[in-house]
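# Analysis of the macromolecular model
Okay, here's what each chain looks like letter by letter:
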Amino acid sequence: MSTELIVASLSGAVALGSAWFTARSGRRQAVLAHELESRTAQQDLMGRHRDPLLWAAYDLQSRLHNIVDRAFLRVYLRDGTDRERAYARRSTLHVLGEYLGRVEILRRGVQFLDLGDSTLNQRIVGHFTTISNVLNNDGAADPGFGDRYFVIFRSDQRAIGELMLTADGTSCLGYVEFCRRLEGDPEFAEWFGPLALDVEELARADQLPYRMVALQHALMDLIDLLDPRAERFPDHRRVRLGRPPQQ
């Protein structure tokens, strides 16, 4: 074989090897760039919405704690003034609706993201599922949950979450706007109608269903995950309920 042919063959092999290496490096860089972009998007999404979600979860568990441990509905809805009764009913519906709205905001963002190896994000979604399961549990398979107060099936959870969103879909209705729609928008009010009746019944119930306790515990687990160092809410404000006492 001539020297020229050998050189040409070696040159061709080097060129092919170089092209293969370049293509492989390009693919790897593209994968790394996608992973970085996805991770940045996840961090941005959770960073922007973590605190509002944390507050929504805290407000809802706080109301549940007051209902079970301090007879909030009995004091302010059953035996309160007209103003107190209106507040107890509307604010209870609002804190529940706002939590579902915050979950819906994150759900819409997360569905376009690859959670990949983001353990924190996966755990957050896992807590959403646990809380959703508690709300969805009608007691058929778990009689300990008691009567069907505060049962919200999954599709209704999402529907209420959607109704709670502002026009741009990035935040939830404030309390004033919520009350305005609850009183003046029949379609909006219809979705909250069964829950409003549940609130009224709970105010007169002799015994509260364990669902209230299970829901408060599930929300506290989410709060512990979102605020592990108790920077937003100190430990003395994280009291878990026991089973509800006889009323």
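Here, every reference points to the structure presented above.
The sections below set out a description of the structure shown in this document. (Residues numbered from 1 in each chain as written. Predicted model: local features only at pLDDT ≥ 70, side-chain atom pairs only at ≥ 80, totals over all residues. Heavy atoms only, no water.)

As a further point, take the overall build of the protein. Scanning the protein for helices and strands turns up eight helices and zero strands. The order of α-helices and β-strands along the protein, N terminus first, is α-α-α-α-α-α-α-α. Going through the 247 residues of the protein one by one, you find that 41% of them count as buried. The contacts in the protein between residues at least 6 apart in sequence include a share of 75% that link residues at least 24 apart. As displayed, the protein offers around 14,000 Å² of accessible surface, 53% of which is attributable to carbon and sulfur atoms. (Helix = DSSP H or I, 4+ residues; strand = E, 2+ residues; numbered from the N terminus. Buried < 20%, exposed > 50% of the residue type's maximum accessible area, 1.4 Å probe, protein only. Contact = heavy atoms within 4.5 Å. Areas by Shrake-Rupley, 256 points an atom, 1.4 Å probe, with all protein chains shown as cover.)

Another aspect to go through is the packing of aromatic side chains. To describe a pair of aromatic rings, you give the distance between the ring centres and the angle between the ring planes. Going through the model one piece at a time under the given rule, you end up with seven aromatic pairs. Considering the side-chain rings of Phe178 and Phe192, the 5.3 Å spacing of their centres and the 85° angle between planes classify their relative orientation as edge-to-face. Pair noted here: Phe178 is in helix H6 (residues 175–184) and Phe192 is in helix H7 (residues 186–204), with a separation of 14 residues, a long-range link. Per residue, the accessibility class of Phe178 equals that of Phe192, and both read buried. (Phe/Tyr/Trp six-rings, centres within 6.5 Å; stacked < 30°, edge-to-face > 60°.)

Looking now at helix H8 (residues 211–226). With 16 residues, H8 extends 23 Å between its outermost C-alpha atoms, agreeing within 8% with the 22 Å of an ideal straight helix rising 1.5 Å per residue. Counting buried positions over the 16 residues of H8 gives 13, a clear majority of the element. (Expected span 1.5 Å × (residues − 1).)

The subject of this paragraph is the nonpolar core. Within the largest apolar cluster, 57 residues are counted, with the highest numbers of intra-cluster contacts made by Leu73, Tyr99 and Phe192. Mapped onto this core, the elements with two or more residues apiece are helix H1 (3–69), helix H2 (72–78), helix H3 (82–110), helix H4 (119–136), H6, H7 and H8. No other element matches H8, which puts eleven residues into this core. Filtering out sequence-adjacent residues up to four positions away, Leu73 remains in contact with Ile67, Arg78, Ala88, Thr92, Val199, Leu202 and Ala203. (Core = buried A, V, L, I, M, F, W, Y, C linked by side-chain atoms within 4.5 Å.)

Attention shifts here to H6. Every buried residue belonging to H6 is among Phe178, Cys179 and Leu182, and all of these are buried. Down the axis of H6, the smallest arc covering the buried residues is 95°, so these residues share one side. Exposed positions of H6 whose direction lies more than 90 degrees from the buried face are Val176 and Gly184. (Arc of directions from axis to C-beta.)

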